[in-house]
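Spelled out from the first residue to the last, the chains are:
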Amino acid sequence: MFEFTSRRERRLWIGALAVVVAVYSTLGLAGTLAETLRDRGLTSLGFMTFLAVITIATIGVGLNRRPRWLEVWVGLGVAAALAMIVVRMGVEAAERTHLFEYGFLATLIHQALDERRRGGGRVPVHPAIIAVLATALLGWIDEAIQWLIPNRIYDLQDVGFNAIAAVSGTLASVVLTRLRDRGKRGAQ
């Protein structure tokens, strides 16, 4: 049986599972919701609400430790970079959500694997590699499921967005983890 190395690792894996369940459970509804928001001129409001929820969830994940100012600035820089990418992408807001959904998922997976490794648990390769591959695979499965659902399409561009999100979320997690570790070593 799978055993967690800490309560934090357990919470991170539960969070990752919750994200996957939320994304997969809305596959049949997402197209209808996007169409309704678009018809009512609420696409931007819906996207901004979704972005706010993801931001609050991300902050919640980080609240188990008090961040240093450098970590806050790096986090804000990553958020600004993602926001600029999203604004300049030139695709529908519904498509932009991939960057946040799978970026957040990659962050949770990376943090869970890193916590496991730090707690003495077995992690066969670097947590960042596993996080990127696992998240990209889950994103591809998302698209494969859509191929089976009426009124949804399998889109290779979305598979690419999911993979980009996996890389960016993991990269942000690695940078913030290293900053946090450097801060701990400096405080000792």
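On a predicted model such as this, the values are computed, not experimentally measured, just so you know.

K.L.:
Whenever I open this one, a nonpolar patch on the surface confuses me. Can you help?
P.N.:
Residues L137, W140, W147, L148, Y154 and L156 make up a contiguous nonpolar surface patch of about 720 Å² in total accessible area. With respect to the element layout, W140 can be found in helix α6 (residues 127–148). Overall, the relative accessible area of 39% leaves W140 in the partly exposed class.

K.L.:
Quick question: what am I supposed to make of the side chain of T135 here?
P.N.:
Following the sequence through the fold, T135 ends up in helix α6. A relative accessible area of 0% means that T135 is categorised as buried. Not counting the four nearest positions on each side in its chain, T135 is found in contact with Y102, L105, A106, I109 and A166.

K.L.:
Sorry if this is basic, but what is going on with the nonpolar core here?
P.N.:
In a soluble, globular protein the nonpolar side chains are often hidden away together inside. In terms of nonpolar packing, the biggest core is built from 16 residues, with A16, V19, Y102, L105, L108 and I109 touching the most fellow members. Mapped by element, the contributors of at least two residues to this core are α1 (7–25) and α5 (93–118). In contact with V19, other than residues within four places in its own chain, are E101, F104, L105 and L108.

K.L.:
I tried to follow the environment of R11 on my own but got confused; where do I start?
P.N.:
Relative to the helices and strands, R11 resides in helix α1. According to the relative accessible area criterion, R11 is partly exposed, its value standing at 44%. On a C-alpha basis, the gap between R11 and A112 in space is 8.3 Å, while along the polypeptide they are 101 residues apart.

K.L.:
In this structure, what is going on with the confidence of the model for the protein? I would like to understand it.
P.N.:
The predicted structure's coordinates, where accompanied by low pLDDT, should not be read in detail. On average, residues of the protein score 78 in pLDDT, and 60% of them reach the 70 mark or higher. Helix α3 (residues 43–62) is the least confidently modelled element of the protein, averaging 57 in pLDDT, while α6 averages 94, the highest of any element.

K.L.:
Can you help me understand α6 in this one?
P.N.:
Given 3.6 residues to a turn, an α-helix orients residues that are three or four positions apart in the same direction. Helix length check: α6, at 22 residues, gives a terminal C-alpha distance of 32 Å against a target of 32 Å (1.5 Å per residue), a fit within 8%. Of the residues making up α6, those classed as buried are P127, A128, A131, T135, G139, D142, E143 and Q146. With its buried residues spanning 140° around the axis, α6 presents them on a single face. When the buried face of α6 is taken as reference, the exposed residues oriented beyond 90 degrees from it are L133, W147 and L148.

K.L.:
Help me understand the side chain of Q146 in this model?
P.N.:
With respect to the secondary-structure elements, Q146 resides in helix α6. Within polar-contact distance, the side chain of Q146 engages the side chain of D142 at 2.7 Å. Setting aside its immediate chain neighbours within four residues, Q146 contacts L27, R152 and I153.

K.L.:
Please explain the environment of P127 as it appears in this structure.
P.N.:
The topology assignment puts P127 in helix α6. Given the relative accessible area of 1%, P127 is considered buried. A C-alpha to C-alpha distance of 5.7 Å links P127 and H110, two positions 17 residues apart in sequence. Residues contacting P127, with those up to four places away along its chain left out, are H110, L113, D114 and R117.

K.L.:
Even after reading the chapter, I still don't get α1, so can you show me in this structure?
P.N.:
Under the 1.5 Å per step criterion, the end-to-end length of α1 is 26 Å for 19 residues, consistent within 8% with the ideal 27 Å. Of all the positions in α1, only R8, E9, L12, A16, V19, V20 and V23 are classed as buried. In an axial view of α1, the angular spread of the buried residues amounts to 115°, which keeps them on one side of the axis. The outward face of α1, more than 90 degrees from its buried face, is lined by the exposed residues R7, L17 and S25.

K.L.:
It is not clear to me how the packing of α1 against α6 should be interpreted in this structure. Could you clarify?
P.N.:
One can describe the packing of α1 onto α6 by two numbers: an axis separation of 10 Å at closest approach and a directional angle of 20°. As the angle between them shows, α1 and α6 are arranged roughly parallel. As for the relative orientation of α1 and α6, their crossing is right-handed in sense. Counted together, V20, V23 and Y24 of α1 and L138, I141, D142 and I145 of α6 form the full contact between these two elements. Here the contact of α1 with α6 is built from residues that sort into six nonpolar, no polar and one charged.

Parameters and conventions
Residues numbered from 1 in each chain as written. Predicted model: local features only at pLDDT ≥ 70, side-chain atom pairs only at ≥ 80, totals over all residues. Heavy atoms only, no water. Patch = residues over 30% accessible without salt bridge, like charges linked within 9 Å, V, L, I, M, F, W, Y side chains within 5 Å. Areas by Shrake-Rupley, 256 points an atom, 1.4 Å probe, with all protein chains shown as cover. Salt bridge = Lys/Arg side-chain N within 4 Å of Asp/Glu carboxyl O. Helix = DSSP H or I, 4+ residues; strand = E, 2+ residues; numbered from the N terminus. Buried < 20%, exposed > 50% of the residue type's maximum accessible area, 1.4 Å probe, protein only. Contact = heavy atoms within 4.5 Å. Core = buried A, V, L, I, M, F, W, Y, C linked by side-chain atoms within 4.5 Å. pLDDT = per-residue confidence, 0-100. Expected span 1.5 Å × (residues − 1). Arc of directions from axis to C-beta. Polar contact = N/O pair within 3.5 Å; in protein donor to acceptor, adjacent residues only side chain to side chain. Axes fitted to C-alpha atoms, helices over the stretch in contact; angles between N-to-C directions. Parallel < 35°, antiparallel > 145°, perpendicular 65-115°, else oblique. Left-handed = near helix turned anticlockwise from the far one by under 90°. Nonpolar A, V, L, I, M, F, W, Y, C, P; charged D, E, K, R; others polar.

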